[in-house]
Amino acid sequence: MEFVYFGHDVLDAYVNAALDEIMLDLTAATKKGYLRFHEYKRAALILAYAQHPSDIIAENSGGFDLTRRITQGGVMLGDANALYFSLTVPRSDYNFTATHKTFGKRAVEVIKEYVKEDEVHLGKHFSVRINGRTIIGSGQRATKDAVLYHGAIAVMPWDMQKIASTITMDNEERIFVENLPSLYQYSPGVKKEDLAQR
């Protein structure tokens, strides 16, 4: 299958969300795969497809862009601490499981280059994990003709001050996020630009 690489861009939250849908349409029309890496110009709060806005702490969200993605899950923070990716492939060639196994396997190989002493493996819910803790969180959406596989790679530690002040969480969820790993912990010299070229 032919792939088209769109590169690595820094865009606002609204354009990033729209491009995911455009990539699905392109794959449906051309039967090609499309891949891009991206970041956010300004920190963004990104609601899941069917998520209620009450999961965002409204009085603290004024300094953030607010948008909605087309995959399920929970609200997520888009900021400079992570590298984000979007991949679309023809549904005739891939289902959710095959997409995760194929492209998640490549992600595992890349993460292992930075994390040499610990176990890196494919996890549940389209994740890649280090010793059971999520380093790449992903979601998928399928149309009749294409599959979207997108997510975030934790390059730097997640900003708990931003997350705790803007996203409604119970204590268990807060502890879970606080303990998530980042590539910086294993390789302080890691650069998002290098990751995007792998």
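See the structure shown above.
Keep in mind it's a predicted model, so treat the numbers as computed, not measured.

Draft legend 1. Main features of the pattern of salt bridges. What the rule picks out here adds up to 7 salt bridges. The residue Asp65 makes a salt bridge to Arg42 at a minimum N-O spacing of 2.7 Å. Of this pair, Asp65 sits in strand S4 (residues 65-68) while Arg42 sits in the loop between strand S2 (33-40) and strand S3 (44-47), placing them 23 residues apart in sequence. Arg42 sits in the partly exposed class, given a relative accessible area of 39%.

Draft legend 2. Focus on the nonpolar core. The biggest cluster of nonpolar side chains holds 48 residues, and the ones touching the most others in it are Ile111, Ile153, Leu183 and Leu195. Considering each element in turn, this core owes the most residues, 6 residues, to strand S6 (residues 82-90). Contact partners of Leu195, with chain neighbours within four places excluded, come to Phe37, Leu83, Val110, Tyr114, Ile153, Val155, Leu183 and Val190.

Draft legend 3. The arrangement of the sheet that holds strand S8 (residues 128-130) in detail. In space, the 7 strands of this open sheet follow the order S1-S2-S6-S10-S9-S8-S7, with mixed pairing throughout. This sheet does not close on itself; its edge strands, each paired only once, are strand S1 (3-11) and strand S7 (120-122). Each strand of the sheet is rotated relative to its neighbour by a mean of 15°, with strand direction disregarded. Judged from the 3 bridges that link them, S7 and S8 form a sheet pairing that is antiparallel. Considered in S8, the bridge of Val120 is made with Ile130. On the sheet, helix H2 (residues 96-114) packs against S1, S6, S7, S8, strand S9 (133-142) and strand S10 (146-154) and is oriented at approximately 170° with respect to S7.

Conventions adopted
Residues numbered from 1 in each chain as written. Predicted model: local features only at pLDDT ≥ 70, side-chain atom pairs only at ≥ 80, totals over all residues. Heavy atoms only, no water. Salt bridge = Lys/Arg side-chain N within 4 Å of Asp/Glu carboxyl O. Helix = DSSP H or I, 4+ residues; strand = E, 2+ residues; numbered from the N terminus. Buried < 20%, exposed > 50% of the residue type's maximum accessible area, 1.4 Å probe, protein only. Core = buried A, V, L, I, M, F, W, Y, C linked by side-chain atoms within 4.5 Å. Contact = heavy atoms within 4.5 Å. Pairing = 2+ DSSP bridges. Axes fitted to C-alpha atoms, helices over the stretch in contact; angles between N-to-C directions.

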